[in-house]
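Here is what each chain is made of, one letter per residue.
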Amino acid sequence: MDPELFEAAKAVRDQAYAPFSGYKVGAALRSTSGRIFVGCNVENLSYGLTVCAERNAIGAMVAAGDREFTEIVVVTDDIGSPCGMCRQVLAEFSPGLKATVNLASDEGEHTSIPLANLLPYPFKSDKVHRSK
Ligand code: THU
């Protein structure tokens, strides 16, 4: 697990807006340009509008002009794993599902899993277009 990504995920987790679940999540990913992008979960009173940390990190990367990442660190209290929706969104920006997903606790305990193992049968289409 990239220690810089871990520190970034841990730091952004403090910004999580999770008054309803109390479950704070921080995510940090490295794009192929070498930059780091972060996201935290942002909940909403209309619960279904909640956006997970992983998807907010992907949004930050895309907004900055990158469309591929190689590694992500997700920090939670209990080494939680990305939800199904986030797995599919991560897959969109990881050609061949090659990215490494690190599930970590605040203390740095972690497990590293290839995205291909988290999402063995992604929804696929040749319409996916990452080049600009
Ligand atoms: N959450 C994430 O941020 N990422 C996930 O992959 C799983 C769930 C958030 C959503 C909600 O704010 C809280 O965790 C509890 O479900």
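Residues numbered from 1 in each chain as written. Predicted model: local features only at pLDDT ≥ 70, side-chain atom pairs only at ≥ 80, totals over all residues. Heavy atoms only, no water.

(A) Broad picture of the environment of Phe 20. Relative to the helices and strands, Phe 20 is located in the loop between helix H1 (3-13) and strand S1 (26-31). Those residues in contact with Phe 20 that sit more than four places away from it in its chain are Glu 43, Asn 44, Leu 45 and Tyr 47. (Helix = DSSP H or I, 4+ residues; strand = E, 2+ residues; numbered from the N terminus. Contact = heavy atoms within 4.5 Å.)

(B) A look at the packing of helix H2 (residues 53-63) against helix H3 (residues 84-92). The N-to-C vectors of H2 and H3 enclose an angle of 25°; their axes lie 9 Å apart at closest approach. Judged by the angle between their axes, H2 and H3 are roughly parallel. When you trace H2 past H3, the crossing you get is left-handed. For the pair H2 and H3, the contacting residues are Glu 54, Arg 55 and Ile 58 in the first and Met 85, Cys 86, Val 89 and Leu 90 in the second. Residue composition of the contact of H2 with H3, by class: five nonpolar, no polar and two charged. (Axes fitted to C-alpha atoms, helices over the stretch in contact; angles between N-to-C directions. Parallel < 35°, antiparallel > 145°, perpendicular 65-115°, else oblique. Left-handed = near helix turned anticlockwise from the far one by under 90°. Nonpolar A, V, L, I, M, F, W, Y, C, P; charged D, E, K, R; others polar.)

(C) Quick look at the environment of Phe 93. Its place among the elements puts Phe 93 in the loop between H3 and strand S4 (100-105). In this structure, the C-alpha to C-alpha distance between Phe 93 and Ala 63, residues 30 residues apart in sequence, is 13 Å.

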